[in-house]
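Here's the letter readout for the chains.
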Amino acid sequence: MAYLPQLNFPTPISSSYTIPKTPNPIFSFHYTLPFSTSILSQPKSSISLPRRTLSRSIPQFTATTGDDDDELLPDELDNEVDYLDEDEDVDVDVVALEQEAKEVVLEYSSSLSRVLTIEEERSNVKETGKNSKRSKPKKKIIPDNLLPRIAIVGRPNVGKSALFNRLVGANKAIVVDEPGVTRDRLYGRSYWGDHEFMVVDTGGVITVSKSQSTVMEELDISTTIGMDGIPLASREAAVARMPSMIEKQAIAAVEESPVIIFLVDGQAGLIAADVEIADWLRKNYSNKSIILAVNKCESPRKRIIQVSEFWSLGFEPIPISAISGSGTGELLDLVCSGIQKVEEPNNIVEEEDYVPAISIVGRPNVGKSSILNALVGEDRTIVSPISGTTRDAIDTEFTAPDGQKFHLIDTAGIRKRTAVASAGSTTEALSVNRAFRAIRRSDVVALVIEAMACITEQDFKIAERIEKEGKGCVIVVNKWDTIPNKNQQTALYYEQDVRKKLRLLDWAPIVYSTALAGQNVDKIIVAASEVEKERSRRLGTSILNQVVREAVTFKPPPRTRGGKRGRVYYCTQAAIRPPTFVFFVNDAKLFPETYRRFMEKQLRSNAGFPGTPIRLLWRSRRKMEKDEGKKVTRTKENRAPHRRKLISATQ
């Protein structure tokens with residue numbers, strides 16, 4: 001299913017508008033970027049903005065320009081009409097153009113979504129489990145942090161993630177026929193009747209002593225990929241710690257949940273690991289409601305036999321099938337009987353649905369999970385030198401010190417497509433798809449690169465994807481403490497290298513951080529917040545057309561061999577997130593790519609928009625019919641209130 005990018009259309013502009021007179025366009029104004037109050041005051045080694053947005057003198061206006069500046073009195077409009085050259089006048093229906101601009105943006109977005117649709121490679125990569133079709137409330141009112149938690153625990157490869165997807169009604173967790181796929185905690189909102197709750201998926205609990213080779217096979221751990229610079233002893237130590245780190249995440253989920261779903265495998269039967277987990281739950285969490293669910297009981301004839309041997313665990317077993325959904329209704333009835341119904345608090349003020357999402361992406365082992373843990377102040381995800389530790393996209397709600405809410409998304413490391421294909425790992429292929437989907441559903445992307453590692457072609461590919469998706473971006477240079485002999489010029493030279501190699505993101509601010517020490521990670525949120533404001537900013541139509549007119553006057557479109565030259569009739573910002581501008585011209589073919597890049601640079605240097613891509617769409621206008629070849633003279637008597645006189649792009 002093609003995905004339509006988020007479009008946010010501004011309110012219609014006022015009908016009275018004209019371009020202010022500027023006989024001699026001179027770029028000698030003053031303007032303070034929104035970054036100045038919160039970011040530019042930080043040390044150079046912490047945050048770096050694109051240099052060209054600060055070196056130009058640009059017109060003065062606020063970051064949230066409204067439509068008040070578009071209103072002109074009739075006398076002012078008359079003065080403008082007298083100033084225009086009659087040979088260059090174009091009569092334009094602005095209301096119709098505004099509506100057409102929105103249609104242009106929708107058409108462009110639909111075309112772009114088809115190009116950027118992520119291929120699932122259905123012939124090779126297949127996920128098990130189906131979405132639940134249970135009806136959900138129309139609007140989420142109760143915050144997630146007030147809902148009770150329901151933890152799903154068990155040994156590896158018993159179907160915990162499949163059951164999680166069934167209960168939340170979405171394929172949020174990666175489900176493949178491999179053990180140890182899930183490692184971190186995954187949260188999903190679920191509904192059953194009048195009850196609402198959060199379901200927590202956990203990694204497999206390994207309590208039986210096993211050899212290191214068995215653990216590596218059980219958890220699908222590699223000591224080669226992404227660990228070339230790590231000594232063998234450190235690799236072995238990281239592998240030895242992995243089971244305890246996964247169990248720590250599972251224990252954290254159990255601690256916060258009043259109801260625990262203990263999942264076992266009905267096809268494999270009762271094994272020693274199930275007995276140990278049952279004893280552990282009975283000993284430590286007897287005060288909680290523990291439900292024993294026997295999964296993979298698809299056959300109605302065999303389910304009684306499959307369930308019978310699990311009575312010895314001391315809990316009443318319930319046969320279910322996470323794949324087909326059979327038995328999940330009875331399971332949810334027991335879950336709801338162990339929790340209290342949460343009513344909507346009276347003191348909660350209904351907030352807007354829009355919460356900015358920030359995805360943390362990059363190559364493997366650059367410190368993405370460390371950044372997430374440093375931001376939320378807890379071990380939300382597993383941090384290990386083992387490459388590919390993070391599998392799923394980990395969603396976390398985060399509230400900044402200023403009270404602004406964000407949706408953080410930690411992702412798996414993105415390797416080259418050829419490397420993923422040669423490895424032959426279905427799990428890694430799905431993890432990369434999850435990472436790309438996280439970019440798509442985010443507002444701002446934190447592209448993490450390692451300070452001591454060279455910027456590779458893969459970093460450029462990720463940057464290219466961010467730009468095509470139209471997402472805001474903050475470049476995070478992590479592990480900044482590993483740079484030896486730093487001085488005042490180090491950050492400057494490093495920034496020049498990053499701007500050169502990631503030229504597609506030369507508009508993105510740069511943050512230098514050390515996640516493990518917690519240094520400057522808060523500046524990532526500060527920069528992302530400002531980027532989101534720029535991404536949501538609307539430029540006043542009068543200011544926009546003035547900038548365009550001055551740019552065209554300074555550098556007119558080139559003439560063709562036949563002597564034709566492009567003319568700009570009207571320009572409007574048709575959407576935000578990202579800022580999208582539609583240029584109505586006589587012929588879009590008369591504006592080459594070099595001139596379009598020039599116009600984009602002029603908009604950035606004069607209007608700002610740091611940290612976000614901007615879209616320039618060019619629309620050819622049909623030749624306007626003249627009334628029997630007669631020229632219409634615009635006066636106060638025959639001027640329609642919804643039509644305006646606009647100057648062309650050329651003199």
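For every chain, the first residue of the written sequence is number 1, and numbering continues from 1 onward in sequence order. Confidence filtering applies because this is a predicted model: local features only for residues at pLDDT of at least 70, side-chain atom pairs given and counted only at 80 or more, and all residues used for totals across whole chains, interfaces and linings. Hydrogens and water molecules were not included; the side-chain quantities draw on all heavy atoms of the structure.

Asks: What is the right way to read the overall build of the protein from this model?
Replies: Counting its secondary structure elements, the protein contains 17 helices and 18 strands. It only takes one pair of heavy atoms within 4.5 Å for two residues to be counted as in contact. The contacts in the protein between residues at least 6 apart in sequence include a share of 78% that link residues at least 24 apart. Note on areas: Shrake-Rupley with a 1.4 Å probe; residue coverage comes only from the protein chains shown. Just so you have it, the protein exposes about 30600 Å², and 51% of that area is on carbon and sulfur atoms. Helix and strand definitions follow DSSP, with helices as H or I runs of at least four residues and strands as E runs of at least two, each counted in order from the N terminus.

Asks: Help me out: how do you make sense of the sheet that holds strand β8 (residues 317–319) in this one?
Replies: Within a sheet, neighbouring strands are paired by backbone hydrogen bonds and run either parallel or antiparallel to one another. Any two strands with at least two DSSP-identified bridges between them are counted as paired. Read across the sheet, 6 strands follow the order β4-β5-β3-β6-β7-β8 without closing on themselves; strand pairing throughout is mixed. Looking along the sheet, the strands with just one partner apiece sit at the ends: β4 (186–192) and β8. Neighbour-to-neighbour, the strand axes of the sheet open up by a mean angle of 30°, direction not taken into account. Where helix α7 (residues 272–284) meets the sheet, it contacts β3 (149–153), β6 (259–265) and β7 (289–295), and its direction lies at approximately 170° from that of β6. Lines are fitted to the C-alpha atoms to define the axes, a helix being fitted only along its stretch in contact, and any angle between axes, read from their N-to-C directions, falls within 0 to 180 degrees.

Asks: How should I be thinking about the packing of aromatic side chains in this particular structure?
Replies: Pairs of aromatic rings are described using the distance from one ring centre to the other and the angle between the two planes. Pairing of aromatic side chains requires ring centres within 6.5 Å, counting the rings of Phe and Tyr and the six-membered ring of Trp. Pairs whose planes differ by under 30 degrees are stacked, by over 60 edge-to-face, and all others tilted. A complete count under the given rule lists 10 aromatic pairs for this structure. With a centroid separation of 5.4 Å and an interplanar angle of 90°, the aromatic rings of Trp480 and Tyr494 are classed as edge-to-face. Residue Trp480 is located in the loop between β13 (472–478) and α14 (490–501), and its partner Tyr494 is located in helix α14; the two are separated by 14 residues in the primary sequence. Burial classes: relative accessible area under 20% of the type maximum marks a residue as buried, over 50% as exposed, and values in between as partly exposed (1.4 Å probe, protein chains only). Looking at Trp480, the relative accessible area reads 8%, which means it is buried. Aromatic pair Trp480 and Tyr512: ring centres 4.5 Å apart, planes at 50°, arrangement tilted. Taken as a pair, Trp480 in the loop between β13 and α14 and Tyr512 in strand β14 (residues 510–512) lie far apart in primary sequence, 32 residues in all. Grouping residues by exposure puts Trp480 and Tyr512 together as buried. Joined through ring pairs, the aromatic side chains of Phe583, Phe591, Tyr595, Phe598 and Trp618 make up one cluster. Here, a charge over a ring means that NZ of Lys or CZ of Arg falls within 6 Å of the ring centre while also lying within 35 degrees of the ring normal. Its end group placed over the ring of Phe609, Arg537 keeps NZ or CZ at 4.2 Å from the ring centre.

Asks: Any chance you could explain the confidence of the model for the protein here in plain terms?
Replies: Chain-level statistics for the protein give a pLDDT mean of 76 and a share of 70% at 70 or above. The quantity known as pLDDT measures the predictor's confidence residue by residue, on a range of 0 to 100. In this model, residues 9–45 is a region of pLDDT below 50 whose contacts with residues beyond four sequence positions or in other chains number 115 contacts. Low pLDDT, under 50, characterises residues 623–651; the predicted model gives this stretch 66 contacts beyond four residues in sequence or across chains.

Asks: I tried to follow the nonpolar core on my own but got confused; where do I start?
Replies: It is characteristic of soluble globular proteins that their nonpolar side chains tend to be buried jointly. Membership of the largest hydrophobic core comes to 30 residues, with the highest contact counts inside it found for Leu447 and Ile475. Sort the elements by how many residues they give to this core and helix α12 (residues 426–440) lands first, with 5 residues. Not counting residues within four places of it along the chain, the set of residues in contact with Leu447 comprises Val361, Gly362, Asp459, Ile462, Ala463, Ile466, Cys473, Val474, Ile475, Val476, Leu502 and Leu505. Among buried residues, the Ala, Val, Leu, Ile, Met, Phe, Trp, Tyr and Cys ones that are joined through side-chain atoms within 4.5 Å form a nonpolar core. Ranked by size, the runner-up nonpolar core spans 27 residues in total, among them Val175, Ile261, Ile320 and Leu332.

Asks: Just checking my understanding: could you explain the environment of Ile261 for this structure?
Replies: Among the secondary structure elements, Ile261 is positioned in strand β6. Residue class for Ile261 comes out buried when judged on its relative accessible area of 0%. The spacing of Ile261 and Ile152 is 109 residues in sequence and 4.8 Å in space, taken between C-alpha atoms. Once you skip the residues sitting within four places of it in the chain, Ile261 turns out to touch Ile150, Ala151, Ile152, Val153, Leu163, Leu167, Ile291, Ala293, Leu331 and Val335.

Asks: Teacher, can you tell me more about the pattern of salt bridges here?
Replies: Two side chains bearing opposite charge may form a pair once their charged atoms approach each other closely. A side-chain nitrogen of Lys or Arg and a carboxyl oxygen of Asp or Glu constitute a salt bridge if their distance falls within 4 Å. The final tally for this structure, using the stated rule, is 22 salt bridges. Its salt-bridge partner being Asp459, residue Arg363 comes within 3.1 Å of it at the nearest N-O pair. Of this pair, Arg363 sits in the loop between β9 (357–362) and α10 (368–376) while Asp459 is found in helix α13 (residues 457–469), placing the two residues 96 residues apart along the sequence. A salt bridge links Glu534 to Arg537; the shortest N-O distance between them is 3.0 Å. Accessibility expressed as a relative area gives 2% for Glu534, which makes it buried. You can call Arg537 buried: its relative accessible area is 2%. A single salt-bridge network, built from bridges that share partners, covers Arg440, Arg465 and Glu469.

Asks: Help me understand the pairing of strand β15 (residues 568–575) in this model?
Replies: Each regular strand shows side chains that alternate between the opposite faces of the sheet. In terms of residue burial, β15 counts as a mostly covered element, since 8 of its 8 residues are buried. In terms of strand pairing, β15 meets strand β16 (residues 580–585) through 6 bridges, oriented antiparallel. Looking at β16, one finds that Ala575 is bridged to Thr580. From the end of β15 to the start of β16, which pair antiparallel, there are 4 residues, and Arg577 there has a positive phi angle of about 55°.

Asks: Explanation requested: unusual backbone geometry in the structure shown.
Replies: For residues that are not glycine, phi is negative in most cases, and the peptide bond is trans in most cases. Here Arg577 and Pro578 are connected by a cis peptide whose omega angle stands at 0°. Along the polypeptide, Pro578 turns up in the loop between β15 and β16. With phi around 60°, Lys479 is a residue other than glycine that occupies positive phi space. With respect to the secondary-structure elements, Lys479 resides in the loop between β13 and α14. Residue class for Lys479 comes out partly exposed when judged on its relative accessible area of 26%. One non-glycine residue, Arg577, lies in the positive phi region at around 55°. Mapped onto the secondary structure, Arg577 falls in the loop between β15 and β16.

Asks: I would appreciate a short explanation of the packing of α12 against α13 in the present structure.
Replies: Two packed helices can be described by the angle between their axes and the distance between those axes. Interaxial distance between α12 and α13 falls to 10 Å at its minimum, and their mutual angle equals 40°. Compared by their axis directions, α12 and α13 come out oblique. Crossing handedness for the pair α12 and α13: right-handed. Of the residues in α13, those touching α12 at Phe436, Ile439 and Arg440 are Arg465, Ile466 and Glu469. Amino acid classes used here: Ala, Val, Leu, Ile, Met, Phe, Trp, Tyr, Cys and Pro are nonpolar; Asp, Glu, Lys and Arg are charged; the rest, including Gly, are polar. Residues of the contact of α12 with α13, tallied by class, amount to 3 nonpolar, no polar and 3 charged. Oblique is the label for any angle not covered by the other classes, which are roughly parallel (under 35 degrees), roughly antiparallel (over 145) and roughly perpendicular (65 to 115). With the far helix as reference, a near helix turned anticlockwise by less than a right angle produces a left-handed crossing, and one turned clockwise produces a right-handed crossing.

Asks: Would you mind going over the packing of helix α16 (residues 541–554) against helix α17 (residues 593–607) with me for this structure?
Replies: Remark: α16 packs on α17, axes separated minimally by 10 Å, with the N-to-C direction vectors making an angle of 130°. The orientation of α16 relative to α17 falls into the category oblique. Note that α16 runs across α17; the crossing there is right-handed. Across the interface between the two elements, Leu544, Val547, Val548, Ala551, Val552 and Phe554 from α16 touch Tyr595, Phe598, Met599, Gln602, Leu603 and Asn606 from α17.

Asks: What exactly am I supposed to notice about the sheet that holds strand β17 (residues 615–620) here?
Replies: Strand order in the open sheet made by the 3 strands is β15-β16-β17, with mixed pairing throughout. The two strands at the open ends of the sheet, each matched to only one other strand, are β15 and β17. With direction set aside, neighbouring strand axes in the sheet form an average angle of 25°. Note that β16 and β17 share 6 bridges and pair parallel. Bridging from a neighbouring strand, Phe581 pairs with Leu616 of β17. Where helix α3 (residues 94–116) meets the sheet, its contacts fall on β15, β16 and β17, and the angle it forms with β15 comes to roughly 60°.

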